[in-house]
Amino acid sequence: MKILVVDDSATMRRIITKNLNSAGYDDITEAENGEEALGKLEGIQLILTDWNMPVMDGLTFVKTVRTMDAYKDVPIMMITSQAAKKEVIEALKNGVNDYLVKPFTAGTIAEKVKGLAE
Amino acid sequence: MDVKYINPFINSVVTTMEMMVNTSPKRLAPFLKDNNIARGDVSGIIGFASQEIVGSVALTFPEKTVKKIYSVMMGEETNGTNEDIQDTVGELANIIAGGAKEEFSSMGITYHISIPTVVVGKNHSIVHKGGTHVMVVPFKLENNAFFMEISIKLKNNWKKNNR
């Protein structure tokens, strides 16, 4: 499964990628923000994106992806520090399939990704 | 500075460290800061604002502490206060400011956070957004110290309606 990880923090991208590798997912593409991610969508089957990023934030990125015929059904999980209920609802309303609040454990991310991949 | 606005950030620091570094930090006695000088060598600063409040929170780490945190988080050692360390500190500030939102939302406050900025160097300055007192909350992570600084100002309309 080809997974796109979008986060402006290199540390967080490495942690997420490491967790995905441990869970058996090896085909990972990374992007620093929503704009860069839009250029890396080809063949992507699952997207994990942060919200609070410079250039293009995660919510704008998700809204854009959902307007693209080729990617409108690709599962998207938001992995973010935005912990307010209002924000979770806003993300889900705008096309996010699942939501994970940072900090998270390796077990939680693996479980959620497995759920979305099935 | 009302403790009910400080506690969500303290709780977020504890939760974040427990999950990211597998250690529960011990909180020490807070105090008011009387200058802009940071107690650590690397600081991550993040601003927040809503209709009700405005302020900023900073996490400031001595080099020894942040190198220890990095090695636990990433499973590898690193030298000095390089780009990896700075990125880690910025992300920790982001997670802690975002994590406090849940408790604030139960008070009817939903704030937006800025992109974190990171400052490095001995005796660097931290300028807060609240324009009011800065409280320092020291923590010990095993034998390593780090500090959370926070400045929050309630906006006038919120004060009138909630006091």
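Residues numbered from 1 in each chain as written. Chains lettered and ligands numbered in written order. Predicted model: local features only at pLDDT ≥ 70, side-chain atom pairs only at ≥ 80, totals over all residues. Heavy atoms only, no water.

**Thoughts on the environment of B:Gly108**
Residues and elements named next belong to chain B. Counting through the fold element by element, Gly108 comes out in the loop between helix H4 (101–105) and strand S5 (112–113). Looking at Gly108, the relative accessible area reads 49%, which means it is partly exposed. In this structure the C-alpha to C-alpha distance between Gly108 and His128, which are 20 residues apart in sequence, comes to 24 Å. (Helix = DSSP H or I, 4+ residues; strand = E, 2+ residues; numbered from the N terminus. Buried < 20%, exposed > 50% of the residue type's maximum accessible area, 1.4 Å probe, protein only.)

**Overview of the layout of surface pockets**
In this structure, the largest pocket encloses a volume near 280 Å³. Considering the residues around the largest pocket, the lining is formed by 15 residues, among which A:Asp8, A:Ser9, B:Asp87, B:Ile115 and B:Pro116 are closest to the centre. The set of elements that each furnish at least two residues to the lining of the largest pocket consists of helix H1 (10–22) of chain A together with helix H3 (83–99) and strand S6 (117–120) of chain B. No other element matches the four residues that H3(B) contributes to the lining of the largest pocket. Taken together, the residues that form the lining of the largest pocket break down as five nonpolar, five polar and five charged. (1 Å grid on protein atoms, 1.4 Å probe; cavity = no way out; pocket = protein on both sides within 12 Å on 5 of 7 lines; lining within 4 Å. Points joined across faces, edges and corners; volume = space filled by probe spheres on them. Nonpolar A, V, L, I, M, F, W, Y, C, P; charged D, E, K, R; others polar.)

**Remarks on the pairing of strand S4 (residues 76–80) of chain A**
Every other side chain in a regular strand lies on the same face of the sheet, so the side chains alternate between the two faces. All names here are of chain A. Here S4 lies mainly inside the structure; five of its five residues are buried. The alternating pattern of S4 places Ile76, Met78 and Thr80 and Met77 and Ile79 on opposite faces, both of which are buried. Note: strand S3 (residues 46–49) against S4, three bridges, orientation parallel. Counterpart to Leu48 in the pairing with S4 is Met77. Taken together, S3, helix H3 (residues 58–65) and S4 form a β-α-β motif whose crossover is right-handed. In this structure, S4 lies alongside strand S5 (residues 98–101), joined through four bridges in parallel fashion. Its bridge partner being in S5, Ile79 is matched across the sheet by Leu100. For the crossover from S4 across helix H4 (residues 85–93) to S5, the handedness is right-handed. (Pairing = 2+ DSSP bridges. Right-handed = clockwise from strand over helix to strand, strands pointing away.)

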